[in-house]
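# Architecture at a glance
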Amino acid sequence: MKSVAVDPSGQALPRTSPSAATGALRRHATTFWLGALFFCARHAPWFAKAVRPVFVRLTTAASKHIQRVAALNARRIYRPQLSDLECLRFARRVTGNFYDFVADVGLALRWTPERMLQQVQSIDGHEKYVAARALKRGAIVVTAHMGSFEVGLAALRNMEPRVHVVFRRDAGDRFDEIRQVLRQRLGVIEAPVEDGWGLWMRLRDCLMADDVVVIQGDRVLPGQKGQRVPFLGNHMILPTGPVKLAAASGAPIIPVFSVRQHDGKMKLIVEDAIDVQSPGEDPMLRLAKVLEKHVAANAEQWLVLQPAFCEDTEPPRGNA
């Protein structure tokens, strides 16, 4: 398979473009509501919980973007014949899970690391993690945008002295600023992708010193490289960074997923480690199969608010 450079943000639109104006308005509105939700979750969590049903329904009804994207993704995940009403219900549930995710981040600002750890209901497959770490070759923990990332980090830091998190800085973004505070409180080491090639060299050395690196494996960040892979009967572009870093360092890839339970707590699920140096199936395909398993099982918790599948983002291919 051929690796391709991907920039999900695309080229900048002219200032006079209606799409650019709409995008700017959407970003300002998102910033405002995220700020309001963070404030409520931190200072009046009872209020954030009380207004959740109204907020979710109104937001979904008012946002044609959320409705369109949810319909595209739902019909790829479930079946193309999904009705408009079923897609709308799916959109509401995705919006609700996004609301819960943001509210959790706001609440976490009030919590100690020990209190965050109490949000872990259980860890399925913990023995798989222990076995992979017994190799003393470091570990690349690959996860997806679902559940509570910060709660998962708290659990990981409870077991590991040095954890590096790969992320992209977003200057001036309130959400990014708050998560930076939480990472500092947890003692997590930031690894911004903007640092380029030097970052990956540093992470390789850290893995060879038996550290742990955490990477979101279901979305390509601007500036990262990705690979087109089969996914739920369609195709997605997944970042190649985890596999390349594993090949360079000798570290195993450990897929770990955070899934929200009915009581709001998290179940952490650890899958079998992937050794990219072992013979067999392409490790990118093995990783894609693990990711699609959890997306299929928890589609409404998959926090993706843009078209996720190549079939909805690429020009139609000819028959030639």
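Residues numbered from 1 in each chain as written. Predicted model: local features only at pLDDT ≥ 70, side-chain atom pairs only at ≥ 80, totals over all residues. Heavy atoms only, no water.

## Brief notes about the overall build of the protein chain
This is how the line gets drawn: Comment: elements are numbered from the N terminus, with helices defined as DSSP H or I runs of at least four residues and strands as E runs of at least two. The rule is simple: take the accessible area with a 1.4 Å probe, protein chains only, and divide by the maximum for that residue type; under 20% is buried, over 50% is exposed, in between is partly exposed. It only takes one pair of heavy atoms within 4.5 Å for two residues to be counted as in contact. For the area figures, the Shrake-Rupley method with a 1.4 Å probe applies, and any residue is considered shielded solely by the protein chains shown.
Secondary structure assignment for the protein chain yields twelve helices and ten strands. Taking all 320 residues of the protein chain together, the buried fraction comes to 46%. Across the protein chain, every contact between residues at least 6 apart in sequence was considered, and the portion connecting residues at least 24 apart equals 74%. A total accessible area of about 16400 Å² is found for the protein chain, and carbon and sulfur atoms account for 57% of it.

## A word on unusual backbone geometry
One non-glycine residue with positive phi stands out, namely Lys136, at about 60 degrees. On the secondary structure map, Lys136 appears in the loop between α6 (126–133) and β3 (139–143). In the Ramachandran plot, Asp210 falls in the positive-phi region, its phi being about 75 degrees despite a non-glycine side chain. Checked against the element boundaries, Asp210 lands in the loop between α9 (197–208) and β6 (212–216).

## Digging into the packing of α9 against helix α10 (residues 241–249)
The condition is simple: Simply put, an axis is a line fit to the C-alpha atoms, just over the touching stretch for a helix, and the angle between two N-to-C directions goes from 0 to 180 degrees. Here the angle decides the label: under 35 degrees means roughly parallel, over 145 means roughly antiparallel, 65 to 115 means roughly perpendicular, and every other value means oblique. What makes a crossing left-handed is the near helix being turned counterclockwise from the far one by less than a right angle; a clockwise turn instead makes it right-handed. Gly falls in the polar group here, along with every residue not listed as nonpolar (Ala, Val, Leu, Ile, Met, Phe, Trp, Tyr, Cys, Pro) or charged (Asp, Glu, Lys, Arg).
Axis separation between α9 and α10 bottoms out at 9 Å; the angle between their running directions is 55 degrees. One element, α9, and the other, α10, form an angle in the oblique class. Once α9 is placed against α10, the crossing between them reads as right-handed. In this structure, α9 contributes Trp200, Leu203, Arg204, Leu207 and Met208 to the contact, and α10 contributes Leu245, Ala248 and Ser249. Among the residues forming the contact of α9 with α10, the class breakdown is six nonpolar, one polar and one charged.

## Brief notes about the nonpolar core
Under the convention used in this document: Buried residues of nine kinds, namely Ala, Val, Leu, Ile, Met, Phe, Trp, Tyr and Cys, make up a nonpolar core once their side-chain atoms join them within 4.5 Å.
Membership of the largest hydrophobic core comes to 47 residues, with the highest contact counts inside it found for Ile140, Val166, Leu203, Leu245, Ile253 and Trp302. Sequence-distant contacts of Leu203, defined by excluding residues within four places in its chain, comprise His164, Val166, Ala191, Val213 and Leu245. Counting 34 residues, the second-largest nonpolar core is a separate cluster that includes Leu37, Val102, Tyr129 and Val270.

## Examining the environment of Ala251
Looking at the element boundaries, Ala251 is found in the loop between α10 and β9 (253–260). Those residues within four positions of Ala251 in sequence are excluded, and the remaining contacts are Arg137, Gly138, Ala139, Ile140, Leu207 and Ala246.

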